[in-house]
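The residues making up each chain are set out below.
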Amino acid sequence: MNSMFCRCGQRFLALPSSAVRHLSTDSTPPRVLITGGLGQLGRSLASVLRKTHGNDSVVLTDIKKAPSDVLSAGPYSYLDVLDEASLRRTVVEERITTLVHYSALLSVVGESNIPLAMKVNIDSVHSCMQIAQEYNLRLFIPSTIGAFGPHCPRNPTPDLTVQRPRTIYGVSKVHMELLGEYFQASRGLDFRSLRFPGVLSADTPPGGGTTDYAVHMAVAAAKDRPFECNLRPDTRLPMMYLSDCVRATVEMLTAPADSLRLRTYNVTAMSFTPEELVAEIRKHKKDFTVTYKPDPIVQAIADSWPEVFDDSGARNDWGWNHEYDLSRLVRRMLESAAKYH
Ligand SMILES: NC(=O)c1ccc[n+]([C@@H]2O[C@H](COP(=O)([O-])OP(=O)(O)OC[C@H]3O[C@@H](n4cnc5c(N)ncnc54)[C@H](O)[C@@H]3O)[C@@H](O)[C@H]2O)c1
């Protein structure tokens, strides 16, 4: 799935540190543990937090072997989130104050290995909730547009509505949202979550989700290659650029508790279909060709997901605002795909 990406060419994003609010309210530096940190999102978040709080403020972890630039950027260690004792030990030994739990099997990968998805996406969440309560940690676990399902309003999809997803990924994320909100309300756990749309960047390889086509399409276009799309041309899905996703995460992590009317918010930047993305790409690459061969599993997932995400709650409550729209996203992805692939 990630064959177009060169691991050693993977880049992480940097936001200006002035754009980042501080994580600790007193003079004690925060200590942030990121699980699943070598996926699409982890390194960029670590980079932004380290710019503000120092290299040692973030302990990046995963079960993958880290490239040398990760090792030189700050603390990195092996951490299998299915091993609760190791997770607890890392929290204690590293004096962690905030836990960002990114380890997960995404929608398409999850459907291909349901038992493992249940372990990684459900069992590890139980461990994180337990440990966060024991050690009084702030806990951030992202959710997804995949947490809704075919019976919810799809255009637009509000923060609060029926959630009956039909993938193990979506089911596990609803479980996580409800458990986190329950422990927040009943035990005072400082749980925070954002439902991300498809997160796009040509700098970091996507991890096997339904919206990955958009990144692979941009990489193909940048390389002047034809592209075969695994979704129908009219499949509309919500999306955001990676730097917006990272900024939303930091803003949610640092929002004053009394500004949070909810503990799980929708966030998004735009919605488009494959044919709209092709039209935008052709403004730069006029000979770009695309054929459509919908994958029945991926198409069925996309057809059950929101088309347009209503994130007015995040915008009103804690000032969320995206910076990348479709034209800026395409320009940026074509530039970085040409540079790094
Ligand atoms: N990328 C998106 O478009 C998107 C959209 C919505 C929500 N999210 C959520 O954001 C989080 C991060 O997503 P991502 O795109 O970086 O995912 P990714 O698939 O790119 O990375 C997940 C990481 O988890 C790690 N992992 C798997 N099993 C593990 C285990 N047993 N122990 C420790 N680590 C393990 C993998 O090695 C991988 O590096 C996930 O929770 C995902 O559900 C992502």
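Nothing here was measured: the structure is a model prediction, and the numbers come from that model. (Residues numbered from 1 in each chain as written. Predicted model: local features only at pLDDT ≥ 70, side-chain atom pairs only at ≥ 80, totals over all residues. Heavy atoms only, no water.)

Draft legend 1. Highlighting the sheet that holds strand 10 (residues 237-241). Strands sit in the order 8-10-12 across an open sheet of 3 strands; the sheet is mixed. Of all strands in the sheet, those with a lone pairing partner are strand 8 (198-200) and strand 12 (270-272), marking the two edges. Averaged over neighbouring strand pairs, the angle between their axes works out to 45° when direction is ignored. Sheet analysis places strand 10 next to strand 12, joined by 3 bridges and oriented antiparallel. Bridging from a neighbouring strand, leucine 237 pairs with phenylalanine 272 of strand 12. Seen against the sheet, helix 8 (residues 242-254) touches strand 8 and strand 10 and runs at an angle of roughly 80° to strand 10. (Pairing = 2+ DSSP bridges. Helix = DSSP H or I, 4+ residues; strand = E, 2+ residues; numbered from the N terminus. Axes fitted to C-alpha atoms, helices over the stretch in contact; angles between N-to-C directions. Contact = heavy atoms within 4.5 Å.)

Draft legend 2. Examining the packing of helix 3 (residues 84-93) against helix 5 (residues 114-134) more closely. Two elements in contact, helix 3 and helix 5, have axes separated by 10 Å at closest approach and are oriented at 30°. Where helix 3 crosses over helix 5, the handedness of that crossing is right-handed. Contact residues: Glu84, Leu87, Arg88 and Val91 in helix 3; Ser127, Cys128, Gln130, Ile131 and Glu134 in helix 5. Each residue belonging to the contact of helix 3 with helix 5 can be placed in one class, and the counts come to 4 nonpolar, 2 polar and 3 charged. (Left-handed = near helix turned anticlockwise from the far one by under 90°. Nonpolar A, V, L, I, M, F, W, Y, C, P; charged D, E, K, R; others polar.)

Draft legend 3. Up close: the packing of helix 7 (residues 213-222) against helix 9 (residues 274-282). Two elements in contact, helix 7 and helix 9, have axes whose closest approach is 11 Å; the angle formed by their N-to-C orientations is 25°. What the angle tells us is that helix 7 and helix 9 run roughly parallel. Classified by chirality, the crossing of helix 9 by helix 7 is right-handed. Each of Tyr213, Ala214, Met217, Ala218 and Ala221 in helix 7 lies in contact with helix 9, whose residues at this interface are Pro274, Leu277, Val278 and Ile281. Class assignment for the residues of the contact of helix 7 with helix 9 results in 9 nonpolar, no polar and no charged. (Parallel < 35°, antiparallel > 145°, perpendicular 65-115°, else oblique.)

Draft legend 4. A look at the environment of leucine 41. Among the structural elements, leucine 41 can be located in the loop between strand 1 (32-35) and helix 1 (42-53). Relative accessible area serves as the criterion here: at 14%, leucine 41 is assigned to the buried category. Spatially, the C-alpha atom of leucine 41 lies 19 Å from that of methionine 176, the residues being 135 residues apart in sequence. With residues up to four places along the chain from it excluded, the contact list for leucine 41 reads Tyr102, Phe196, Val199, Leu242 and Cys245. (Buried < 20%, exposed > 50% of the residue type's maximum accessible area, 1.4 Å probe, protein only.)

Draft legend 5. Representation of the environment of serine 44 within the structure. With respect to the secondary-structure elements, serine 44 resides in helix 1. The exposure class assigned to serine 44 is buried, which follows from its relative accessible area of 0%. In this structure, the C-alpha to C-alpha distance between serine 44 and arginine 247, residues 203 residues apart in sequence, is 9.9 Å.

Draft legend 6. Representation of the pairing of strand 7 (residues 190-196) within the structure. Most of strand 7 sits inside the fold, with 7 of its 7 residues counted as buried. Neither face of strand 7 is left uncovered, since the one carrying Asp190, Arg192, Leu194 and Phe196 and the one carrying Phe191, Ser193 and Arg195 both have all their residues buried. Judged from the 3 bridges that link them, strand 5 (residues 138-140) and strand 7 form a sheet pairing that is parallel. In the strand pairing of strand 7, phenylalanine 140 is matched with arginine 192.

Draft legend 7. Local environment of helix 10 (residues 296-303). If you check which residues of helix 10 are buried, you get Val298, Gln299, Ile301 and Ala302. Burial along helix 10 is one-sided: seen end-on, the buried residues are contained in an arc of 160°. Counted as exposed and oriented over 90 degrees from the buried face of helix 10: Pro296 and Ile297. (Arc of directions from axis to C-beta.)

Draft legend 8. Inspection of the site of the ligand at higher detail. Surveying the vicinity of the ligand reveals 26 residues, the closest of which are Gln40, Asp62, Asp80, Tyr169 and Lys173. Tyrosine 102 is positioned such that a nitrogen or oxygen atom in its backbone is 3.3 Å from an oxygen atom of the ligand. Separating an oxygen atom of the ligand from a side-chain N or O atom of lysine 173 is a distance of 2.9 Å. Of the residues assigned to the shell around the ligand, the class counts are 14 nonpolar, 8 polar and 4 charged. (Near = heavy atom within 4 Å. Polar contact = N/O pair within 3.5 Å; in protein donor to acceptor, adjacent residues only side chain to side chain.)

Draft legend 9. The arrangement of the nonpolar core in detail. Counting residues in hydrophobic clusters, the biggest one holds 77 residues, and the most contacted among them are Met217, Phe272 and Trp318. It is helix 7 that provides the largest number of residues to this core, a total of 9 residues. In contact with phenylalanine 272, other than residues within four places in its own chain, are Leu200, Tyr213, Ala214, Thr235, Arg236, Leu237, Met239, Leu277, Leu326 and Leu329. Counting residues in hydrophobic clusters, the runner-up holds 19 residues, among them Val91, Ile131, Leu137 and Leu139. (Core = buried A, V, L, I, M, F, W, Y, C linked by side-chain atoms within 4.5 Å.)

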